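Remarks on the overall topology
The lines below spell out each chain.
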Amino acid sequence: MINRIVQLGGNHDEIFSGEIAQHIPYHRMNGKQYCLPALTLFQPEEAASLQAASESVDRIYWKVLRFTQQYLPDEFLVQQLGLHPALLSAARMQVPYHGVSRQDWIIGEHGMKCIENNTDTPTGIPETAYLAEQLIHHFSTYTAASIGMRNEIQNAFNLLIRHYANQGLTGPIVFSSYGWHLEDRTNTEYIMKAVNQLGYETLYVPLEELEIIPGDGLYAGGRRIAVLYRLYPLEYLIHDTDDEQENMPIGEALIQLVASGKLGLINPAQSIITQSKGFMALIWSLYERRDQTEAFVGFTLFDEADIADIERYLLPTYYEAAPFVQSGTPYVAKGYWGREGKGTSLYDGAGQFQQAEWGHEEADVIEVQDYYDNQPKVYQQLFPMQEARVETEEGPFDGYLLTGAYVIGGHYAGLLPRVGGKITGDMAYYCPAAITYTTQGGSKRE
């Protein structure tokens, strides 16, 4: 058991009150605590290593994304990456900048490994960019691991908005999520306010209030939208229909607006390629077959630094389980579009099923299981997680630490530690990341 978790001086209701509770209204979620009055401690050298490692992995993802867009056929994107055919044209558009991504890392005595990367719709943003700094500043003498996150958001979105403006897409920047979903709306509005500080005209419009005129544009209240930030997964959106208009495929209509240059998306549509967990198997395949790849395309995809980083930070990942079963290696099966651990299963070295994650809503388990079981899967070597004990209102919880590392516009921006089960699901606890060197003055603020 690691001694990485430290309690703050105060109970949940004392700490998560006033302005903090207003900014993070979902500090309780799914009927229990989500944010804990505690900190996850990282040594300065650990934090520095995570920063360098996350930017290196982001660089590898970026290289393989461009390779995929330029050289791999539509058939591969559909069959091996699981993309809906209607997404292909927009996904191949090479937008020079990206928005927010969050890698998930396991850190332990055997090193650190990135087990996946959410490049389409990562959340956890207000608690990382705002809450962590508030708690660490007021209740400890440590330093927050995410001090520069708001600036990185502003820099990345500024570059994307300027890029779209150069494409002729000018006007209000609309931020959208389901209006009834408190966590998603809070995440969306946090980013919107950061962008608004740059001087752009911004609007929050719930997804259900957006109007799509196929072939013409996206509208909100009669105003044409130039750029849309949507906290809504593209793999969901592409299947959306309008029941009031004879099941018109409005998701496909929106993506066609993007493909025809009439709408800019943040995160860009290209993020769906890297969001697919099939992309992790592609990276590993290109690494293992790098000599053949270079002979085929006539250039070197991975340089020596990339190869060293892949070996150091990524795990063997395949489109089938056979390599692990044959070698007696424990592995993880993941649905291509799994989120919050859903659709993830653990297997031992004999290939025997151990456990799976389907989320906290018991009433929806059959529906959720059906959705994820019908997805293609990748198979990844199991890497041992660090055990961590946290104090909760229900008593001590012995779980496992998963550390999210945000990379925004290519730059490291902050850490999101969560303590949950062997598969980190939607019931995991958030425990803010602090770096163990202390702030100047060293006095505890009350």
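Notes on the structure follow. (Residues numbered from 1 in each chain as written. Predicted model: local features only at pLDDT ≥ 70, side-chain atom pairs only at ≥ 80, totals over all residues. Heavy atoms only, no water.)

Focus: the sheet that holds strand β24 (residues 433-435)
An order of β1-β4-β24-β7 is seen for the four strands of this open sheet, with the pairing classed as mixed. Lying at the two open borders of the sheet, with one neighbouring strand each, are β1 (5-7) and β7 (143-144). Across two bridges, the pairing between β7 and β24 is antiparallel. Along β24, the bridge assignment pairs Ala144 with Ala434. The strands touched by helix α3 (residues 44-71) within the sheet are β4 (38-42) and β24, with β4 carrying the most contacts at an inclination of about 80 degrees. (Pairing = 2+ DSSP bridges. Helix = DSSP H or I, 4+ residues; strand = E, 2+ residues; numbered from the N terminus. Contact = heavy atoms within 4.5 Å. Axes fitted to C-alpha atoms, helices over the stretch in contact; angles between N-to-C directions.)

Observations concerning the pattern of salt bridges
Any two side chains of opposite charge can pair if their charged atoms end up close together. Summed over the entire model, instances satisfying the criterion amount to 21 salt bridges. Between Arg59 and Asp309 there is a salt bridge; the shortest N-O distance is 3.0 Å. Linking Arg59 in helix α3 with Asp309 in helix α14 (residues 304-313), this pair joins segments that are 250 residues apart in sequence. Arg389 is the salt-bridge partner of Asp398, the closest N and O atoms lying 2.5 Å from each other. Note on Asp398: relative accessible area 43%, which makes it partly exposed. On the basis of relative accessible area, Arg389 is assigned to the partly exposed category, the value being 43%. Through salt bridges with shared partners, one network takes in Arg59, Lys63, Asp303, Asp306 and Asp309. (Salt bridge = Lys/Arg side-chain N within 4 Å of Asp/Glu carboxyl O. Buried < 20%, exposed > 50% of the residue type's maximum accessible area, 1.4 Å probe, protein only.)

Observations concerning unusual backbone geometry
The omega angle of the peptide bond from Ile266 to Asn267 is -10 degrees, so this bond is cis rather than trans. Structurally, Asn267 is set in the loop between β14 (264-266) and α11 (271-275). The residue Asn30 is not glycine, and still its phi comes out positive at about 55 degrees. Structurally, Asn30 is set in the loop between β2 (28-29) and β3 (32-33). Residue Glu340 is not a glycine yet carries a positive backbone phi of 50 degrees. Tracing the backbone through its elements, the reader meets Glu340 in the loop between β16 (331-335) and β17 (344-347).

As for the sheet that holds strand β18 (residues 353-357)
Pairing within the open sheet is antiparallel, and its five strands lie in the order β15-β19-β16-β17-β18. Looking at the sheet topology across the chains shown, the edges are occupied by β15 (317-318) and β18. Summarising the sheet, β15 and strand β19 (residues 377-381) pair through two bridges and their orientation is antiparallel. Counterpart to Thr317 in the pairing with β19 is Gln380.

Considering the pairing of strand β5 (residues 100-108)
Where burial is concerned, most of β5 is hidden: eight out of the nine residues are buried. Strand direction decides the pairing type here: β5 and strand β21 (residues 395-408), joined by six bridges, are antiparallel. Along β21, the bridge assignment pairs Trp105 with Thr403. Two strands pair when backbone bridges link them, and β5 and strand β6 (residues 111-118) are joined in this way by seven bridges, in the antiparallel orientation. In the sheet register, Trp105 faces β6, and the bridge partner there is Cys114.

Geometry only, nothing functional implied.
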